[in-house]
Amino acid sequence: GANTSQIIDVYINTIKVMREIDPSDRLLETVAEPVRSYLRGRADTIRCIITSLTDEEAGGDLYEELRRQDARPLEQAELDSDDEEEAPNFDWKPAPSITKVQRGTFGLDSRGNGGDILSMLVSIYGSKELFVNEYRIMLADKLLANLDFNTDKEVHTLELLKLRFGEMSMRQCEIMIKDTDDSKRIVSNIHSILKPKTKPLSAMSRPTGAEDKATPVDAIIVSHIFWPALQKEPLKHHPRIQAQLDQFSQEYAKLKNPRRLVWLNQLGTVQLELDVVEEGLDGVPVIETKEFSCSPLLATLISHFEDKEEWTSKELSNETSIAEHIIQSRMNYWINNRVIKASDAGDDTIVYELGSREYWLTAEVDPYSGAGSMMDEDGSEGAVSAGAQEEEEMEAYESYICGMLTTFGQLPLDQIHNKLKTFVAGSDHKYNKTARQLGAFLQHLCKQERLECGPDGMYKLVKKY
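These figures come from a predicted structure and were not determined experimentally.

Under the definition given, this model contains 5 aromatic pairs. Centre to centre, the rings of Tyr333 and Trp334 are 5.0 Å apart; their planes meet at 80°, and the pair counts as edge-to-face. An identical accessibility class is assigned to Tyr333 and Trp334; each is buried. One cation-aromatic arrangement involves Arg67 over Tyr63; the distance from NZ or CZ to the ring centre is 3.6 Å. Lying over the aromatic face of Trp311, Lys308 brings its terminal NZ or CZ to 4.4 Å of the ring centre.

Laid out in structure tokens, this is it:
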């Protein structure tokens, strides 16, 4: 089928064509409603819209839409144009209805005029908070992958989004960018202190003269309550990597006492230089020093081969506290880059060995010897944990649910859903879940024996004796 971005482009072009035919948008309302309903049901619609708004390469009409000089905030572009300063017009007559589709959900104002393209896309879901939250997640991934701490582009995009979505809605995103800028200054201070003391991290032998490179540890120090839920999966670093992190943490503690760093070990990028076999211009394999940018897990795995040249997948699992099947998957990255060779030892155990120069220059067989999959796994994933993000949001609603059940005794799903829309409206955690999502969360609370649901569908607190 068609990509979501293609469907959005068709929808935008439909808006333009229909407005040439009928500027009142009444015909558009009828024609476009099936497309809107279909887009609402696709999981990646919001992400595609935000990507098109903020990414110049993936943009187009939406990218230019955000940069319009005459653009209005979404609150003004939606159905809120009852201007008290205008004199009443007693000759006003309602336009004849040509559709039974409910008005007010399509981006039309009280005069029947259509909103701009962005407001009409937002009105598909009826809430701008969904779009703000998606941008926040995408911004977190961009900032954490930004190795030079350059936020100029993100600041410019954020200022444009503030004009459309409101300054308060983008407050958390503003703090995230500020964290990145502050981190740049802190890291620079720590580097100036550590540079005379440290030597660069090496996963393999480095060429002579590499010892005078800058301290290898950089860090983005985040105010975690303002960021989306980040991945917190455990990882035991190689001792040489951990020593560098500990040294950085000690200097940070001196600068920012009493604050302390808590490392998210699975996140980040490690830059390495390794000797690998590459095909020369004349077709003869040659040894070249190649730079790699990889995940901390991959850097830790390859660093262990500096201690000894042969490891089993089980041994690497014990050293890193990572499941063995994940180790086998991630090691494919180094195998495919002709750094490690592997063989099957039976019992689902794979033996990994550092390939010598002589081996790679003379090897004529598949270096993996058929053990496992040859899929190139570099372990690169988004920094934001989608599951943890949703769980964190739902947990914020739990106190509201317990409070209303304490007050009212028992309530059905639809009443809890409606009351959350009212009670959570002014809080930092905007309630933007569907009744189905809320129902799944209530069932989760029932399994944890915090709530109970009767045969009549009424939810109430579990009595604890």
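Past the structure itself, the notes keep going.
Moving on, we come to a nonpolar patch on the surface. On the surface, Val17, Ile21, Leu27 and Val31 cluster together into a nonpolar patch covering about 320 Å² of accessible area. Taken together, the elements giving at least two residues each to the nonpolar patch come down to helix H1 (4–21) and helix H2 (26–40). For Val17, the position within the fold is in helix H1. According to the relative accessible area criterion, Val17 is partly exposed, its value standing at 45%.

What follows is about the sheet that holds strand E7 (residues 451–453). In space, the 3 strands of this open sheet follow the order E6-E8-E7, with antiparallel pairing throughout. Single-partner strands in this sheet number two, and they are strand E6 (410–412) and E7. Taking each pair of neighbouring strands and ignoring which way they run, the sheet shows an average axis angle of 30°. Where E6 lies against strand E8 (residues 458–461), 3 bridges are found, and the strand directions are antiparallel. Paired with Gln410 across the strands is Lys460, a residue of E8. In the packing of helix H16 (residues 413–423) onto the sheet, the strands contacted are E6 and E8, and the crossing angle to E6 comes to about 95°. Packing against the sheet, helix H17 (residues 435–447) makes contact with E7 and E8, and its axis sits at approximately 110° to E7.

On to the confidence of the model for the chain. In this model, the chain carries an average pLDDT of 78, and 75% of its residues clear a pLDDT of 70 or more. Across residues 78–85 the pLDDT falls below 50, and counting only partners more than four positions away or on other chains, this stretch makes 10 contacts in the model. Confidence drops under pLDDT 50 across residues 365–377; counting only partners more than four residues distant or on other chains, this segment forms 26 contacts.

Our next topic: the environment of Gln443. Structurally, Gln443 is set in helix H17. Overall, the relative accessible area of 37% leaves Gln443 in the partly exposed class.

A few words on helix H11 (residues 296–303). Taking burial as the measure, the 8 residues of H11 include 8 buried ones, the bulk of the element. All buried positions along H11 are accounted for by Pro296, Leu297, Leu298, Ala299, Thr300, Leu301, Ile302 and Ser303.

All right, on to helix H12 (residues 313–320) then. The set of residues buried in H12 consists of Ser313, Leu316, Ser317 and Thr320. Considered in projection along H12, the buried side chains sweep an arc of 105° and stay on one side of the axis. Pointing more than 90 degrees away from the buried face of H12 are the exposed residues Lys314 and Asn318. Packed against the buried residues of H12 are H11, strand E3 (310–312), helix H13 (324–336) and strand E5 (349–354). Where H12 terminates, the next one or two residues include Ser321, which has phi positive at roughly 65°.

The rules behind these values
Residues numbered from 1 in each chain as written. Predicted model: local features only at pLDDT ≥ 70, side-chain atom pairs only at ≥ 80, totals over all residues. Heavy atoms only, no water. Phe/Tyr/Trp six-rings, centres within 6.5 Å; stacked < 30°, edge-to-face > 60°. Buried < 20%, exposed > 50% of the residue type's maximum accessible area, 1.4 Å probe, protein only. Lys NZ or Arg CZ within 6 Å of the ring centre and 35° of its normal. Patch = residues over 30% accessible without salt bridge, like charges linked within 9 Å, V, L, I, M, F, W, Y side chains within 5 Å. Areas by Shrake-Rupley, 256 points an atom, 1.4 Å probe, with all protein chains shown as cover. Salt bridge = Lys/Arg side-chain N within 4 Å of Asp/Glu carboxyl O. Helix = DSSP H or I, 4+ residues; strand = E, 2+ residues; numbered from the N terminus. Pairing = 2+ DSSP bridges. Axes fitted to C-alpha atoms, helices over the stretch in contact; angles between N-to-C directions. Contact = heavy atoms within 4.5 Å. pLDDT = per-residue confidence, 0-100. Arc of directions from axis to C-beta.

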